[in-house]
Amino acid sequence: MDHTPAGPSALNMDVLRNVLALADGRTIARLMQLSRELYHEGPKHLLKLPVRLKRESSIASFIAFMSAEDGRRFRFLNNFHITTGLLSQAEAAAFEEFVLRFASHMKITHLNIERAEEFFESSPGLSSALSLLTEVKYLRVAEIGQRSNIFLQQLRSQLVSANLTMIPRPIRHDEDDEDSDEDDDDDDSSIRNPILQLRNSQETLTSLTVTHGDTDCDIGELFKECYPNVKYLILYANELPYTMHYARAFPNVEMLTMQCAERELAELGNKVDEYVDQRHVNKIEQIAEGSWKSLKAVYGTLIDHFLLAALCPVERLHIKGPFMDTRMFRSVLLTTTPAYVDFDGFDLDLFYDADFKRITRGHFVQSIRCLEMTLMLGGLLEPEDVRIPGALDILLEGISQMQSLRSFGLNLMCFSLLPGPEGLVIAAPDAGSVPLTCAEKYLQDLDLNGLIARIREAVPTLQSAVVTLSGHRARANTSVTYGADVPWPEDAVEAIPLKHAPPITRLKKSSLKKMTKLLM
């Protein structure tokens, strides 16, 4: 057997391959010039990170690089971002021809197109050319208009996840033009409707995020498209909800986020009857056509939840503050019967009158086994108006009425308590020189162990609880947990606050019993 050691050139080549794997793009490009082998090897490493086409001036060099070696480099191009916007006629024609020539070679799985309408306006055939891609699984398109809509509807790829942002509708300024605006809206609906845009991915889509979407259609018309595998549906800056459309098109959704556009809510104004009527329409349509069997979690403001009018059990109801209304809250609870409710982003004004004690009273809350609250102290109120002792008393009185409660989480966030416009600047250089507000002084000395003992005394059925204080200028972030050793099942809603709690301080049951006796 020949044991002659490898020659210097072979050894150097092994070293250079290792360098290629670790080098930056500029270094890889230089190494590719050293030998034919490195020339073939380099693209694999150059293209392993997302390729971003940011400027029109990069089009020619990108086409030349990818066209080399008869298109063999395309198997390495998996993540492609286009952010050029409008291209010149010559560059657009070159890019379109390039895509038409090599579309069958392209293995792009992640495609991101920003300023999409400008980009597709560069050439009449660009939308159709790029729609020939067949391997895209994860798609993100921003600023979708008519030409972008053509790309989406003709796309041959079977998507797994899509994130679509439509061009916002123009805001009406002149009521005299209302009729013409309505005509424009009718023409515009189809280019904002993800249910129609993604019909080629009905069997494969699992996650959909849409901003400025619109599923409006003629009265009595229902979409035939159905996406049975979509589990995550996120609707930002959305139309007033057409619940029936979502339930039919996405019948197996588990996680739903609803955020109505401010302009849509503004049209309803402050008239409660308008909101009630909108909810009633959604309820009637679901009763007539059916709705979801259940939802695992729904996220939104109370108004979003109220207008959605889901007529099915919702395991976890996440309500974003600061708005609260007793009638709306009770109506939502009656139709969703949640096991878990999360109040996120409320200030202490939630407890400044009798409303909180109303919303936690009666049969409306009997399904709730876990309540979690994240309070942004001073988020809405001025620091001097944050009255913590009285608010905590009302909070305890309120939850004491919830006889089904088994688990409770309270997160007190102090980031907004610094007085003045710099209150939200957590790292303000002069924050230490500003005297503590009354609320901050109270929280500096607040005994979280004592507070959790009071909570346990107020709610005898409670088996676990977490209290966290964070963002205080003169006190380290602190968390106290009771019932950490309760063997909740992994998917039990009662375990959610325990999962959210940082491992700072755990309060044993024996310690809690001693504190409870001292309080009695």
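What counts, and at which threshold
Residues numbered from 1 in each chain as written. Predicted model: local features only at pLDDT ≥ 70, side-chain atom pairs only at ≥ 80, totals over all residues. Heavy atoms only, no water. Helix = DSSP H or I, 4+ residues; strand = E, 2+ residues; numbered from the N terminus. Buried < 20%, exposed > 50% of the residue type's maximum accessible area, 1.4 Å probe, protein only. Contact = heavy atoms within 4.5 Å. Areas by Shrake-Rupley, 256 points an atom, 1.4 Å probe, with all protein chains shown as cover. Axes fitted to C-alpha atoms, helices over the stretch in contact; angles between N-to-C directions. Parallel < 35°, antiparallel > 145°, perpendicular 65-115°, else oblique. Nonpolar A, V, L, I, M, F, W, Y, C, P; charged D, E, K, R; others polar. Polar contact = N/O pair within 3.5 Å; in protein donor to acceptor, adjacent residues only side chain to side chain. Left-handed = near helix turned anticlockwise from the far one by under 90°. Phe/Tyr/Trp six-rings, centres within 6.5 Å; stacked < 30°, edge-to-face > 60°. Lys NZ or Arg CZ within 6 Å of the ring centre and 35° of its normal. Salt bridge = Lys/Arg side-chain N within 4 Å of Asp/Glu carboxyl O.

Here's the deal with the overall build of the chain
1) Next: Within the chain, the secondary structure is distributed over 21 helices and 16 strands.
2) Next: For the chain, the residues scored as buried account for 48% of the 520 residues in total.
3) Next: Look at the contacts in the chain between residues 6 or more apart in sequence, and 68% of them connect residues 24 or more apart.
4) Next: Just so you have it, the chain exposes about 25700 Å², and 52% of that area is on carbon and sulfur atoms.

A word on the packing of helix 13 (residues 272-289) against helix 15 (residues 326-336)
1) Next: Two numbers describe how helix 13 lies on helix 15: the axes approach to 12 Å, and their chain directions differ by 10°. Taken together, the axes of helix 13 and helix 15 are roughly parallel relative to one another. Of helix 15, the residues touching helix 13 (which contributes Val272, Tyr275, Val276 and Arg279) are Arg327, Met328, Ser331, Val332 and Thr335.
2) Next: Each residue belonging to the contact of helix 13 with helix 15 can be placed in one class, and the counts come to five nonpolar, two polar and two charged.

Observations regarding helix 19 (residues 448-458)
1) Next: Along helix 19, the residues classified as buried are Leu448, Gly450, Leu451, Ile452, Ala453, Ile455 and Ala458.
2) Next: For helix 19, the N-terminal cap is aspartate 447; the gap from its side-chain oxygen to the backbone nitrogen of asparagine 449 is 3.1 Å.

With respect to the packing of helix 17 (residues 388-399) against helix 19
1) Next: Helix 19 packs onto helix 17 with a crossing angle of 30° between their chain directions and a minimal axis gap of 8 Å. As helix 17 runs across helix 19, the sense of the crossing is right-handed. Side by side, helix 17 and helix 19 meet where Leu392, Asp393, Leu396 and Ile399 of the first sit next to Leu451, Arg454, Ile455 and Ala458 of the second.

Here's the deal with the packing of aromatic side chains
1) Next: Per the counting criterion, the structure on display carries 13 aromatic pairs.
2) Next: Between phenylalanine 351 and phenylalanine 356 the ring centres are 4.8 Å apart and the planes differ by 70°, which places this aromatic pair in the edge-to-face class. By the burial criterion, phenylalanine 351 is buried, and phenylalanine 356 matches it.
3) Next: Each member of the aromatic cluster is reached from another via a ring pair, and the members are Phe62, Phe74, Phe80, Phe95, Phe98, Phe102, Phe119, Phe120 and Phe151.
4) Next: Positioned above the aromatic ring of phenylalanine 65, the side-chain terminus of arginine 73 is 4.3 Å from the ring centre.

Re the environment of leucine 222
1) Next: Tracing the backbone through its elements, the reader meets leucine 222 in the loop between strand 6 (207-211) and strand 7 (232-238).
2) Next: The class of leucine 222 is partly exposed, set by a relative accessible area of 29%.
3) Next: The spacing of leucine 222 and arginine 248 is 26 residues in sequence and 8.5 Å in space, taken between C-alpha atoms.
4) Next: Apart from the residues within four sequence positions on either side, leucine 222 is in contact with Met244, His245, Arg248 and Glu289.

A few points about unusual backbone geometry
1) Next: Geometrically, the link from glycine 321 to proline 322 is a cis peptide bond, its omega value of 10° lying close to zero.
2) Next: When you line up the elements, proline 322 lands in the loop between strand 10 (314-320) and helix 15.
3) Next: Not every positive phi belongs to a glycine, and glutamate 143 is a case in point at roughly 70°.
4) Next: Counting through the fold element by element, glutamate 143 comes out in strand 4 (residues 138-144).
5) Next: Even without a glycine there, the phi angle at alanine 309 is positive, about 55°.
6) Next: Structurally, the position occupied by alanine 309 is in the loop between helix 14 (302-308) and strand 10.

Description of the pattern of salt bridges
1) Next: Within this structure, the stated rule accounts for 13 salt bridges.
2) Next: Between glutamate 118 and arginine 115 there is a salt bridge; the shortest N-O distance is 3.1 Å.
3) Next: Residue class for glutamate 118 comes out partly exposed when judged on its relative accessible area of 29%.
4) Next: Residue classification places arginine 115 among the partly exposed positions, given a relative accessible area of 34%.
5) Next: Put simply, arginine 454 and aspartate 393 hold a salt bridge, and the shortest N to O gap is 2.8 Å. A residue pair is termed long-range when its members are at least 10 positions apart, and arginine 454 in helix 19 and aspartate 393 in helix 17 qualify at 61 residues.
6) Next: You can call arginine 454 partly exposed: its relative accessible area is 28%.
7) Next: We classify aspartate 393 as partly exposed; its relative accessible area is 35%.

All quantities given are derived from atomic positions and should not be read as evidence of function.
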